[in-house]
Structures are given as C-alpha cells and as structure tokens.
Amino acid sequence: MAEEAKAVVGELRASFKAGRTRPAEWRAAQLRAIVRMVEEREQDITDALHADLAKPSMESYLHEISLAKAACTFALKGLKNWMKPNKVPAGVTTFPSTAQIVSEPLGVVLVISAWNYPFLLSIDPVIGAIAAGNAVVLKPSEIAPATSAMFAKLLPEYVDNSCIKVVEGSVPETTALLEQKWDKIFYTGSGNVGRIVMAAAAKHLTPVALELGGKCPAIVDSNVDLHVAMKRLAVGKWGCNNGQACIAPDYVITTKSFAPELVDSLKRVLERFYGEDPLQSADLSRIVNSNHFHRLTNLVEDKEVAQKIVYGGQTDEKQLKIAPTVLLDVPLDTGLMTSEIFGPFLPIVTVDKIEDSIDFINSKTKPLAAYLFTKDKKLQDNFVSNVPAGGMLVNDVALHLANPHLPFGGVGDSGMGSYHGKFSFDCFSHKKAVLIRGFGGEAKARYPPYTTEKQKILRGLINGSFFALILALLGFPKEKR
Amino acid sequence: MEEKPQNGGSFCLGGLVAGVREVHESGRTKEMEWRQAQIRGLIRMLTEEEDAVFDALHEDLGKHRVESFRDEVGNLVKSFRNTLQNLKKWADTPLISFPCNAMVVPEPIGVVLIFSCWNLPLGLALEPLSGALAAGNAVVLKPSELAPSTAAFLAANLPKYLDAKAVKIVQGGPEVGEGLMEHRWDKVLFTGNARVGRIIMTKAAKHLTPVALELGSKCPCIVDRINSKWECQVAVNRIVGAKWSTCAGQACIAIDYILVEEQFAPILIELLVSTLERFFTKPEYMARILNEKHFDRLANLLADHRVASSIVHGGGANRKTLTIEPTILLDPPLDSDIMTEEIFGPLLPIITVKKTEDCLAFLKPKPKPLAIYAFTKDEKLKQRIIAETSSGCVTFNDAIVQYGLDTVPFGGIGASGFGQYHGKYTFELFSHRKAVIKRSLWVEFMFRYPPWDEYRMRMLRRAFRFDYVSLVLGLLGLRQHDFKF
C-alpha cells in the first residue's frame with residue numbers, strides 16, 4: 001500500500017515537473033471535461049448518491065451537481081484573470097522598481113473528501129486545485145462507496161490521468177497516502193481525523209486546509225415572519241441530507257415565551273414537507289450507515305432526553321431511516337447538546353431574552369455556520385459583530401456555500417482555510433512576490449562605512465520621503481576620501 | 001499593577017493564557033480605537049527608546065546602530081505607520097453582492113502566539129505583533145532567548161507602551177516554548193528552523209490550531225554577465241550589502257550562495273573583494289556571530305579540506321570575539337555541508353556554471369528557498385526565472401529590500417515554510433474572513449421546498465442559470481418548455 005501511494009505521488013510529481021499542469025489551456029480543458037462529465041453522466045451521479053444516501057434526486061441536483069457545474073463555469077470564466085500577475089505599488093524606498101504578485105501552483109496536492117456530499121466535496125476542491133495548476137489525488141470517502149467507485153470509474157474517462165488520480169480505500173490506504181510528501185492537503189470531515197491529517201502533514205511541513213464541523217446554531221427571534229423562517233430552517237436542516245451536513249442548523253435557540261409558537265409552526269411545516277409518515281417520504285435522505293444510525297439513536301435513548309421529543313422520533317432500522325425529530329429543552333449536558341448531531345434531531349434551547357443566545361453560542365466552540373432569524377436590525381448587528389463563526393446568514397440557512405464570491409471555511413474547531421470561487425484558486429496557489437529593480441536608484445546611504453549622515457538619509461528614505469530619496473540618488477552623503 | 005514578565009512551567013502559563021483569552025473575549029481588543037492605540041504605542045516605544053534598542057541589538061549581535069536602524073527600527077516604524085494609515089480600510093467590510101447583501105467581515109482570530117527568532121530579534125517580534133494587534137487580537141510573544149538583551153528590552157517596555165493585559169511576553173528557552181504549545185491558540189506564527197517548525201505544527205495539530213511557519217533556506221543569487229562597469233559595481237554593492245551587512249549573513253533572506261558563469265567569476269570575485277575593503281573599514285560595521293555554538297558550526301563548514309582549499313578570500317576567524325572574516329569560496333564541492341545546509345553566516349560560496357541559463361537546471365531539484373535573487377538585464381532570463389523556479393519571492397537586481405516592501409507578501413513555500421505576512425497580509429494572517437449573507441424574509445422561491453416534483457426541479461434549473469426572466473415568466477405560469485441546465 002505504501003508502495004502504491006509512493007508510486008502515485010511519484011508519477012504526479014513527474015507530470016508536474018514536466019510542466020503539464022501549468023498552461024491555461026490544460027487547466028481549462030480539464031475543467032470543461034468535468035462539466036461534460038457532470039452533464040453526460042448526471043444520471044450515474046444521481047444514482048450513486050441515491051445508493052449511498054437515498055438522496056432525493058432534487059437534493060442531488062440542487063446541492064451537488066449544479067454546484068459542481070457552477071464551480072467549473074465560474075473557474076473557467078475567471079481563470080485567465082486569476083492567473084495574471086497582480087501589479088502592486090513598489091514605494092519610494094526601492095525606487096525605481098516594479099512589484100507584482102504571481103500566482104503559482106503549489107505542486108502535487110491531496111484532496112480527502114467526506115461522505116455526506118460525496119460528489120460535491122470531492123470535485124469542488126479538485127476543481128480549485130486544477131484551476132490553480134496543480135496535479136491532484138482525490139481520495140473519496142469509503143463510507144459513500146457507490147460515489148467513490150463512480151469517481152474511480154468516470155473521472156479517468158474525462159480528465160488527464162497523468163495529473164489527476166483517484167485513489168479509493170479506507171483507513172490503511174488513507175494512512176499510506178498521508179505518509180507521502182504533498183504540497184498541500186485539503187481535508188473535509190471530522191475534527192478527530194482533522195487532527196490526524198494535520199499531524200501527518202507536520203512531518204513534511206505541508207500546509208493544510210481543514211473543513212470540519214461544529215454545532216451550527218440557529219437563533220429564532222419572535223420579531224420574524226415565522227412561517228417563512230420555519231420553512232427555511234426546515235429545508236436547511238432536513239432538506240440537506242436529513243441533517244447530515246456540516247452547515248445544517250444543529251440546534252435552535254429561542255425565548256421561552258416564543259418556543260410554543262415556534263414548535264407549532266415547525267410541526268406544520270414538517271407535515272407539509274414530509275407528510276404524516278415521514279419515513280415513507282421520498283424527499284428525505286436515509287442515515288448513511290448503521291454505525292451512524294446507532295450513534296444517533298443512542299443520543300435520544302436516555303429517558304430524560306426522549307421525553308423532550310415534541311415531534312417525530314420514528315425510526316426504521318432496516319431502511320436506516322430516522323424521521324425529522326424536534327426536542328424542546330433537553331438537558332444541556334447530554335450528547336445531543338455537547339457533540340455535533342449530524343442527523344435529523346433538532347433540539348430547541350430556550351433562553352429568557354433573545355440576546356442571551358449570543359453568550360450561549362459563544363460558550364461553545366466556534367461553529368462552521370451560525371444563523372439568525374429576525375427583522376430586528378440591532379440584533380442582526382449584535383449577532384454579526386459578536387459571534388465568531390466560519391460564515392453566517394441572517395434570515396436564511398446554508399445559502400452562503402452557493403455564493404462563489406464568499407470564502408467558505410471554518411474557524412477554530414470548525415477548521416482552517418477557505419475555498420469556493422476564486423478562494424479555491426487561492427487555496428491551492430502560492431502567491432510569489434516579485435520585485436524588479438534596475439541598477440539606477442543606487443543609495444550609498446545603505447552601505448557601510450556607517451555614518452550619522454547616512455543614518456539621517458536612511459531615516460528619510462525608509463519613511464518614504466521624496467526629499468531623502470533625491471538626496472540619496474544624488475549620492476549624498478558625499479564620502480570623505 | 002505592573003505585571004512581571006512570566007517565566008516557567010506550564011502551570012504558570014495556564015493562568016497567563018486564560019487571562020489573555022478573557023481579555024480578548026471581553027471584546028476590548030476588537031475596538032478600532034484600542035487597535036490604533038496599540039500601534040501608536042509601538043511607534044512611540046521605538047522612537048522614545050531608540051537608543052536602548054540600539055544598545056540591546058549591539059549587545060546581542062554586535063549590530064551597528066545604522067544597520068539596526070535600517071533593518072529593524074526604521075523598517076518597523078515605517079510598517080507601523082503604514083498599518084495605522086490603512087487599518088480602517090483593511091477592517092472594512094466590502095459589500096459583495098446586492099440585493100442579497102453578501103459581505104466578508106474580517107474578525108480577529110482570537111489569541112495569537114508569536115515565536116520570534118534571534119537574528120532580527122526586534123523585527124521578527126514586532127512586525128507580526130503589530131499586525132496581530134491591528135487585526136484585533138490578544139497576543140503572547142515568546143522572544144528568542146538567544147538574543148537576551150532584546151528579549152529583556154521587550155519584556156520591560158512592551159507593558160509600558162501597550163495594553164499589558166492583552167499583550168504578554170514570555171521569556172525562556174525551548175522548554176517554555178513547548179509548554180506554551182500545550183495550550184490552545186487561535187493562531188501561532190513561528191520563525192525559526194524546520195526541526196522546531198515540525199514540533200510546533202505537530203503540537204498545534206492536537207488543538208487544531210492553524211500555524212504559519214517562517215523557516216530557513218539557502219537563498220541563491222544568480223549573477224549574469226553585466227557589461228557596464230558601473231552597473232556591475234552597483235550589483236556588487238548590493239550583493240555585499242545583502243550578505244555581510246545584514247547581521248553578518250545570519251538572515252533567512254541573506255544571499256546564501258552565488259551562481260555565476262565561470263568566465264565572469266574572476267571579475268566578480270575581484271569586485272567583491274575591493275568592495276568589501278571599501279565598506280568594512282572598521283570591524284564594528286559587521287555584526288558578530290551569535291554565540292560559540294554557531295561560531296563552531298560555521299567553522300566546521302570550513303573544516304572539510306576540500307572546502308578549505310576553495311577559499312579565495314578571508315577565512316580568518318576569532319572565537320574570542322565571535323568574528324569571522326567575510327569569506328569567499330570558489331566552487332566548493334556540491335555535496336559538502338556548506339552547499340547542502342543553510343549557511344547563516346559570512347561565508348559566500350560562488351558556484352560556477354557554463355552559461356547563466358544553466359542556473360535554472362541547478363535550482364530546480366533544490367528545496368524551495370525563501371528568496372531567489374538574480375542580477376541580470378536579460379528580460380527573457382527574468383521571465384524564465386519567474387516561471388521555472390519556485391520560491392517565497394524573487395527579487396531582480398537587488399536583495400533583501402523586498403523585506404521592507406509593505407505591498408507584497410513575505411513568506412516561504414515548501415521547505416521554507418507557509419503563511420505570509422507584512423503590510424495588510426499580516427492583518428489577514430491574523431484575521432478570520434467571515435462570510436455573511438443577510439436576506440429578507442419576503443422574497444420567496446417556493447420551489448426550494450419539499451415535496452419536490454418536476455415543476456420545482458425545472459424552476460430550480462432556471463434559477464441556477466440566473467435566468468431571471470425565464471424564472472419570473474415560469475412563476476407567472478407564462479412559460480412552459482425548458483432548457484436543460
């Protein structure tokens with residue numbers, strides 16, 4: 001296994017050194033090929049996602065396929081501009097000179113993907129790596145085996161195999177890959193594995209980007225159009241892989257007085273969306289495997305927790321399905337409130353005043369996303385200024401990941417680094433500073449023998465004084481012979 | 001109450017770290033006025049205590065005050081003024097799209113730990129410190145114990161000029177550094193060698209702490225044949241300055257070795273020697289070697305007899321005064337330590353090639369350095385160097401000056417590290433760019449919601465093509481057929 005990993009890296013390194021991945025034409029060709037793959041094989045992709053997660057085809061389209069295609073087209077449009085050196089002012093101290101920042105590929109990069117959006121979270125970083133001119137290995141998640149196999153089969157049919165490879169496998173294969181030297185590692189998944197990835201990267205001084213999880217809070221104020229808010233909250237929670245999404249709202253915070261109305265509205269919305277027997281709805285993903293199914297059912301096993309269920313709670317172990325479930329005021333020290341749920345349970349936490357929710361959120365680790373539903377501008381400003389989070393939305397959920405002009409990534413325990421749009425290109429690029437001087441503008445004041453006169457001129461020159469510059473250029477101080 | 005600088009074990013450090021975190025969480029360090037006050041405090045400190053700084057740098061490294069001013073104090077004050085001028089702009093929230101109201105809000109990353117290095121003990125501490133404060137963070141600074149006078153200066157003066165509760169200095173050796181890394185930080189910036197860099201990143205991984213590593217490397221300097229005598233002299237001035245007048249070559253961006261056409265080498269050496277004589281008329285104009293350990297390390301580089309026999313100038317060394325003469329070597333063996341390890345001292349190997357373009361093939365297999373320098377007027381060669389080599393930065397016809405340029409990022413790549421700073425890049429290094437979208441509750445796309453059917457699928461496809469006209473017509477029921485997205 002180690003030998004195979006080494007061979008893969010070796011081949012990619014040779015291709016990169018040969019310069020295959022650098023020209024804009026090559027990058028554009030790969031991106032266009034991925035667009036073609038998404039268009040021609042949409043059904044294969046949808047089928048794989050359905051096999052892995054019972055993902056409704058609408059979700060597959062909305063959250064994975066269309067976003068992957070949009071990422072390619074955005075990169076294709078921006079590529080030439082992104083690749084251009086960025087000219088910057090060079091300042092008085094090095095006059096005359098020009099300065100620019102040149103984007104160059106990092107080299108050979110490793111993308112390790114997750115199981116919940118197994119298509120998008122694989123192809124999206126790969127798109128960024130290609131756009132930036134790197135060679136890339138994709139290691140799809142083995143917990144979504146149909147999608148992993150689909151990548152292994154389809155990707156080589158469309159892209160340049162000498163520079164873009166898919167390596168399937170589980171822990172041993174991933175470990176073997178992590179032992180190699182990469183120029184960057186991009187990992188999406190859990191904090192525990194994120195730590196392992198970063199420690200492995202440290203051995204080779206490899207920079208990493210980690211897209212991790214967290215408990216994404218959703219504050220719901222009473223000053224709100226409740227029905228619309230609940231629809232958006234519901235589709236952001238259960239319409240995103242049945243809650244198995246890093247940016248799905250993990251829990252809701254609202255005031256004690258507003259909670260009953262909120263629960264009522266949410267129940268009505270859920271019934272509209274998923275009918276009276278949600279386990280039969282085709283619009284709900286299943287739980288990915290029995291490991292996670294049991295992890296989730298264990299969270300509500302405790303009597304103290306189970307009695308807080310106000311809606312839902314049905315499960316079907318054979319089909320690995322769990323219905324949308326809402327709980328009210330579970331004890332704060334249970335697993336449901338201390339770890340990332342990543343499933344269809346939505347605890348509602350109540351506070352006395354809505355402003356208290358800010359301190360509550362900040363008492364936990366920084367989430368990947370935080371949400372607020374309110375019309376109150378003051379509360380909105382308070383929220384934006386005082387809640388650190390990867391990203392945030394007011395009056396909606398999850399949309400920010402679809403905006404290619406916004407950096408998507410975590411902070412603190414929810415990760416490091418960001419991507420999407422040009423940020424993907426930047427994530428996989430080295431920004432090389434290039435300073436070009438001529439032989440003019442020679443300032444003798446820089447060199448020994450050091451004198452007080454020189455120091456005076458240097459003082460002015462370093463501070464950007466044109467007068468000092470003139471003096472320096474005229475050869476002051478004149479050297480005593 | 002004035003707080004004493006902290007030394008010692010993890011137990012004391014726990015209290016210090018918790019205290020700094022509390023200050024940050026109180027929101028004080030986010031205020032714009034606070035950030036500006038800290039930067040002004042730094043400017044005042046360096047202006048009022050300039051003489052004390054020069055004394056400390058002279059004690060630690062034998063730096064002449066002009067060198068200290070040029071490379072550390074002057075550069076820092078300029079950088080601080082630049083930060084003060086631009087801070088509001090950097091912290092501003094650019095609006096990205098309307099009417100969706102999407103923006104990127106830079107927020108402080110939190111509590112930052114900065115390890116600085118001994119060779120530019122003031123600059124490598126205060127440059128990142130100023131940026132971290134500008135970005136609204138609380139900071140713990142661990143100066144290098146190998147430059148004790150500067151560390152003591154910082155410990156005594158930073159609490160006087162800055163908010164002593166939000167900016168802490170921790171003195172001590174490697175065990176203190178390790179103790180600090182047992183704690184959780186929101187970002188760690190480390191300047192130093194790769195061995196310690198690996199340890200720092202491994203410890204940081206336990207807490208998912210992001211790091212920036214500014215490491216060392218062998219910075220090559222390509223010298224092309226230059227026909228004009230005057231231009232040649234200018235080039236040599238700059239090479240001599242970049243090697244010997246910057247901490248006696250003990251700088252991560254000093255020229256480590258030269259690559260030159262074999263026919264041109266004798267001319268270059270002659271000019272180097274005459275320029276050295278003209279510049280270093282007194283021994284005080286060149287910094288000394290840090291300590292006996294580094295002196296011995298450098299002396300050992302010359303111990304190999306194949307290396308010793310390649311010395312064409314200098315070679316003299318005095319362990320008592322910790323001084324080594326500017327030393328030039330011609331074609332020492334490429335497998336000797338002096339050509340495989342970072343020199344970090346006043347020894348300059350000159351490696352000859354048949355033609356200047358051969359330098360590119362020479363550099364390609366080598367670890368990526370912090371900087372590549374090239375003295376040339378050949379535009380094609382310049383483009384080839386930019387396109388075919390990889391390094392933290394490239395500077396043409398000068399060296400080291402890129403360090404003082406606020407508009408370009410400073411940092412390594414590959415073996416020379418990752419993470420960049422200087423100017424607004426320091427602000428960005430210590431900020432988190434938070435994506436924020438504000439929506440209204442009354443513009444609704446019904447087809448977002450389950451239960452999902454073909455009609456909703458069609459509408460979504462339209463929306464994703466941003467085909468608003470088609471979308472509106474569809475919503476109004478005025479358009480039936482569809483285009484595949």
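Going by the annotation in an unreviewed UniProt entry, the name recorded for chain B is Aldehyde dehydrogenase, with Leersia perrieri given as the source organism. Listed in UniProt under the heading Catalytic activity (unreviewed entry), the comment for chain B reads: "an aldehyde + NAD(+) + H2O = a carboxylate + NADH + 2 H(+)". Of the comments in the UniProt record for chain B, the one headed Sequence similarities (unreviewed entry) reads "Belongs to the aldehyde dehydrogenase family."

Within an unreviewed UniProt entry, the label attached to chain A reads Aldehyde dehydrogenase, and the organism entered is Leersia perrieri. UniProt, in its Catalytic activity (unreviewed entry) section for chain A, records the words "an aldehyde + NAD(+) + H2O = a carboxylate + NADH + 2 H(+)". A UniProt comment under Sequence similarities (unreviewed entry) is attached to chain A, and it reads "Belongs to the aldehyde dehydrogenase family."

### Observations regarding the overall build of chain A
Each helix and strand in chain A was counted, giving 18 helices and 18 strands. Overall, chain A is about 95 × 55 × 35 Å in size when its C-alpha atoms are taken along their principal axes. Out of the 481 residues belonging to chain A, those deemed buried represent 64%. Long-range pairs, those at least 24 residues apart, make up 71% of the contacts in chain A between residues at least 6 apart in sequence. Accessible surface for chain A amounts to roughly 17,300 Å². Of this, 55% is attributable to carbon and sulfur atoms. Of the side chains in chain A, 54 bear a positive and 51 a negative charge, and the two mean positions are spaced by 13 Å.

### So, the UniProt feature "domain: Aldehyde dehydrogenase" (unreviewed entry) in chain A
Under the UniProt annotation, "domain: Aldehyde dehydrogenase" (unreviewed entry) lies at residues 2–434 of chain A. A distance of 39 Å separates the end C-alpha atoms of residues 2–434 of chain A, which is 43% helix and 18% strand.

### Observations regarding the UniProt feature "active site" (unreviewed entry) in chain B
All names here are of chain B. This chain's UniProt record puts "active site" (unreviewed entry) on Glu214 and Cys252. These annotated residues cover 39 residues of sequence, and their C-alpha atoms lie no more than 9.0 Å from one another, placing them together at a single site. By secondary structure assignment, the location of glutamate 214 is in strand β7 (residues 211–214). Apart from the residues lying within four places of it in its own chain, the contact partners of glutamate 214 are Leu189, Phe190, Thr191, Gly192, Phe410, Gly411, Gly412, Ser416, Gly419, Gln420 and Tyr421. In this fold, cysteine 252 is placed in the loop between α9 (229–244) and β9 (257–261). Residues within four places of cysteine 252 in sequence aside, it is in contact with Asn119, Leu215, Ser217, Cys219, Glu342, Phe344 and Leu370.

### Remarks on the pairing of strand β16 (residues 393–396) of chain B
Covered by surrounding structure in β16 of chain B are Cys393 and Thr395 of chain B together with Val394 and Phe396 of chain B, the residues of both alternating faces. In this structure, strand β18 (residues 429–437) of chain A lies alongside β16 of chain B, joined through 4 bridges in parallel fashion. Its bridge partner lying in β16 of chain B, isoleucine 436 of chain A is registered against phenylalanine 396 of chain B. For strand β15 (residues 371–375) of chain B and β16 of chain B, the ladder comprises 4 bridges, and the chain directions are parallel. Residue pairing for β16 of chain B: tyrosine 373 of chain B is matched across the bridge by threonine 395 of chain B. Tracing the backbone out of β15 of chain B, into helix α15 (residues 379–388) of chain B and back to the parallel element β16 of chain B gives a crossover that is right-handed.

### Topic: the UniProt feature "transmembrane region" (unreviewed entry) in chain A
As annotated in UniProt, the feature "transmembrane region" (unreviewed entry) corresponds to residues 457–476 of chain A in the numbering used here. Secondary structure content for residues 457–476 of chain A is 70% helix and 0% strand, and the end C-alpha separation is 8 Å.

### Description of the pairing of strand β6 (residues 187–191) of chain B
Residues and elements named next belong to chain B. Across the 5 residues of β6, 5 count as buried, placing the element largely inside the fold. By the alternation rule, side chains of β6 split into Lys187, Leu189 and Thr191 and Val188 and Phe190, which are all buried. Bridging between strand β3 (residues 111–115) and β6 involves 4 bridges; their strand directions are parallel. Across the sheet, residue leucine 113 finds its bridge partner in β6, namely valine 188. Taking the sense of rotation as the criterion, the β-α-β connection linking β6, helix α8 (residues 194–206) and β7 turns out right-handed.

Cut-offs applied
Positions within a chain are numbered from 1, following the residues in the order the chain's sequence is written. Naming scheme: in the order in which they are written, chains are lettered from A and ligands are numbered from 1. A pLDDT threshold of at least 70 governs which residues receive local features in this predicted model, and a stricter bar of 80 or more applies before side-chain atom pairs are shown or counted, although totals over entire chains, interfaces and linings include all residues. Where side-chain values are given, they derive from all heavy atoms of the structure, hydrogens and water being excluded. UniProt positions are given in the numbering used here, feature names are shortened, and annotations may be inferred rather than shown by experiment. Each helix corresponds to a stretch of at least 4 residues labelled H or I by DSSP, and each strand to a stretch of at least 2 residues labelled E; elements are numbered beginning at the N terminus. Only protein chains enter the accessibility calculation, which uses a 1.4 Å probe; a residue whose area is less than 20% of its type maximum is buried, one above 50% is exposed, and one in between is partly exposed. Two residues form a contact once any of their heavy atoms are found within 4.5 Å. Here the accessible surface of atoms and residues is derived via Shrake-Rupley with a 1.4 Å probe, and residues count as covered only by protein chains that are part of the display. Residues counted as positive are Lys and Arg, residues counted as negative are Asp and Glu, and His and the chain ends are not counted. Charged groups are reduced to one reference atom each: NZ for lysine, CZ for arginine, CG for aspartic acid, CD for glutamic acid. Here, strands pair whenever DSSP counts at least two bridges between them. Note on handedness: a crossover is taken as right-handed if, strands pointing away from the viewer, the path from the first strand over the helix to the second is clockwise.

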